Structures are given as C-alpha cells and as structure tokens.
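Remarks on the overall topology
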Amino acid sequence: MPGIISTAPGKTILFGEHAVVYGKPAIAVPVNEKMAKAKILPNISARTESIQFIASQIELDMEYSQLEQKHPLRIAVDEVKNFLQIENYPSCKIFLETSIPISSGLGSSAAISVALINGLLNFVGYTPTPKIVSDLAFQVEIEFHGNPSGIDNTVIAYNKAIMFQKEKPVEFINPGAEFSLLIADSGIKGNTKTAVSEVRERWMADTSTFDLYFEKIGNITLQAREMIETGDIFSLGKLMNANQELLVKIGVSHSSIDNLIDTALDHGAFGAKLCGGGLGGNIIVLVNESSAPHLSDILINAGAADVIYMKLKPGESA
C-alpha cells in the first residue's frame, strides 16, 4: 500500500458570511496560496488499526485510539470508516501540516479535514468525488464550529469559486475579468464558533431586525455574483463596503478589522470587508493590480500580521 499526499486550499468568503447560516446565499473562493497537507504512510509492523497522528505545528503526536471521541481528527477517521463500511482502518502514520493561519477566517479546520479525508479515502484505493469529501468533512465541521453553514468544506473540496446556499445545489462562478485581492491578517485570532453563537443569540432576541440584515446581505451577494461575472470591479467594491456595514451591525467586526479596512479604503482600495466568522481574523480587499504591492506594505505598517495577494481569474472556476 503506497503512501499518499493529499492537499487542500484555504478559502475566503467574498460575500454573505453569517447570513449563509440562515439560508441566504454566499460567495466563496479557494485560496491556493495557503494549503493544508496530509501525508499518510503505511505502518505494516503496527497492530491492527494503529493510526498515529503527527502534527508538529500543534505539538500533537497521538494515536487515534487515544483521542477523545469528539476530537475532529477522530471524527474524520470515523466518518471515513462509516462511509467505506469497514470496522478497522489500515495501520498508518498521518503527518499533518498547514500554512493556513489558524482561527483567521481562511478555513483552516475545513482544509485540514478535506485534506485528511481525501487522503484517507485515497490511501485505501477509493477515489471520491468532491461532494463525498465535502459531505464527510462537513460532519467534522459540525463538531468544530457548532452550527456551520457548510460553505467552507464545499469551496475547499471543489477548489472552485462558488455561490453556496443551504439545501440548494452548488453553483460555480466564472469571473468576467481578473480581480486582484489582498487578504490581510489582523493578528487577532477570530473565533467562528463564538461569533456564530453570539449572532444566533442576537437573532433570537431581535429576530425581525436580524432577518432584515440577513435579507440585505443575501441581496448584496446576488448582486455581487453579477458584478463578478460581468467584471465590474467598481460596483463590486461598493458591494463589499455595503456588506461590511451590515457585518458591523450584526456585531462580528472588531477594532483591528475596522482599522485595517479604513486604512485600505483611505489608500485607494475599491472595497474591503472582514472575511469569515469575524471577531478578528482577516479582511479581504479589492484592489487595482498595480497598487497591490504598495497597499500590502501600508497594511503591514498599519498592524496587519501578514498579507496574501491572490487573483480571481476568468476560466478557473468554470
């Protein structure tokens, strides 16, 4: 049984985070500049179902059997075993690593789950569809985030720009022009589980107001898809700003996020908003290609811990 290396990209949500949990559409794109990787090697001399996880970045070196029942890595193995209808998984060593910042809104947990699940299936000779990997990874996300929408595991498993809406088929988006984007890390760790939980509490306390916020975010997302597909960068930037205003109203922004957004807009960005759960994490900025390097430096000087430059290109998501 040969060794397997499986990778998965990060992701960013362009429009619709939080509202997507309440049935509204959201747009997400993969971030291939940051990756998670699972390397699975056979361990022939080990006892039956000796699965050793080694993740040096989080100082983890532990057997599957030693992990808590609800540990995300254990859940991933269990989901694969249930899917394959096998009692024992072949003994192996699994090395996990990622360049995706943790708790930053770039889908680190989903990327690790997708890379691991795809690797586990490939290791035993099964070639899954993106939907199978996404569905299995979603079960891990439920434990990790509490009430996830499913958008992270979907965009990462398919590795294509998508419009996602609960209970509806995934729709792929083909940009009508090339868009230059900066993803700036605020340096403050976000907490998706906390953010989702707090938004739900506010929604329950003032359902009519929050339903209106989510409806407006959903409408912005639909307009944004049209702007992406027609290549209208100026209108897309305005929609990003409008989306951010609503994210502030639902209580998921942060002073570090607000500072970076104001800095980006003051220095010529077309639009900027937080991406992901919020309460820290990253912002995404729509820029002119020629100004991207200079604005990256400005954001670093304004307190960003890191800046990723990426492009959304025609044809890559068709």
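This structure is a prediction, so every number in the text was calculated from the model and none was measured.

Cut-offs applied
Residues numbered from 1 in each chain as written. Predicted model: local features only at pLDDT ≥ 70, side-chain atom pairs only at ≥ 80, totals over all residues. Heavy atoms only, no water. Buried < 20%, exposed > 50% of the residue type's maximum accessible area, 1.4 Å probe, protein only. Helix = DSSP H or I, 4+ residues; strand = E, 2+ residues; numbered from the N terminus. Pairing = 2+ DSSP bridges. Core = buried A, V, L, I, M, F, W, Y, C linked by side-chain atoms within 4.5 Å. Contact = heavy atoms within 4.5 Å. Polar contact = N/O pair within 3.5 Å; in protein donor to acceptor, adjacent residues only side chain to side chain. Phe/Tyr/Trp six-rings, centres within 6.5 Å; stacked < 30°, edge-to-face > 60°. Lys NZ or Arg CZ within 6 Å of the ring centre and 35° of its normal.

**Details of the pairing of strand β9 (residues 271-275)**
Most of β9 sits inside the fold, with five of its five residues counted as buried. The pairing of β9 with strand β10 (residues 282-287) spans five bridges and is antiparallel. When the bridges of β10 are listed, Lys273 appears paired with Ile284. Counted along the chain from β9 to the antiparallel partner β10, the turn is six residues long, and its residue Gly276 has a positive phi close to 100°.

**Examining the nonpolar core**
One finds Leu14, Phe15, Phe53, Ile94, Ile117, Val285 and Leu299 to be the most contacted residues of the largest nonpolar core, which totals 103 residues. When sequence neighbours within four positions are dropped, the list of residues in contact with Ile94 reads Lys39, Ile40, Ile51, Gln52, Phe53, Ile54, Leu116 and Leu120.

**Thoughts on the side chain of Asp152**
By the secondary structure assignment, Asp152 is in helix α4 (residues 151-158). Side-chain polar atoms of Asp152 contact the side chain of Lys11, separated by 3.2 Å. The contacts of Asp152, once residues within four sequence positions are left out, are Lys11, Ile13, Gly107, Ala110 and Glu141.

**Focus on the packing of aromatic side chains**
Applying the stated rule across the entire model yields eight aromatic pairs. Judged by centre distance (5.4 Å) and plane angle (70°), the ring pair of Phe210 and Tyr213 falls under edge-to-face. Placement of the pair is Phe210 and Tyr213 together in helix α6 (residues 207-230), with a separation of three residues, close to one helical turn. Each member of the pair, Phe210 as well as Tyr213, is classed as buried. Between the NZ or CZ atom of Lys39 and the centre of the ring of Phe95, over which it lies, the distance is 5.4 Å. When the ring centre of Phe172 is taken as origin, the NZ or CZ atom of Lys160, which lies over that ring, is 5.0 Å away.

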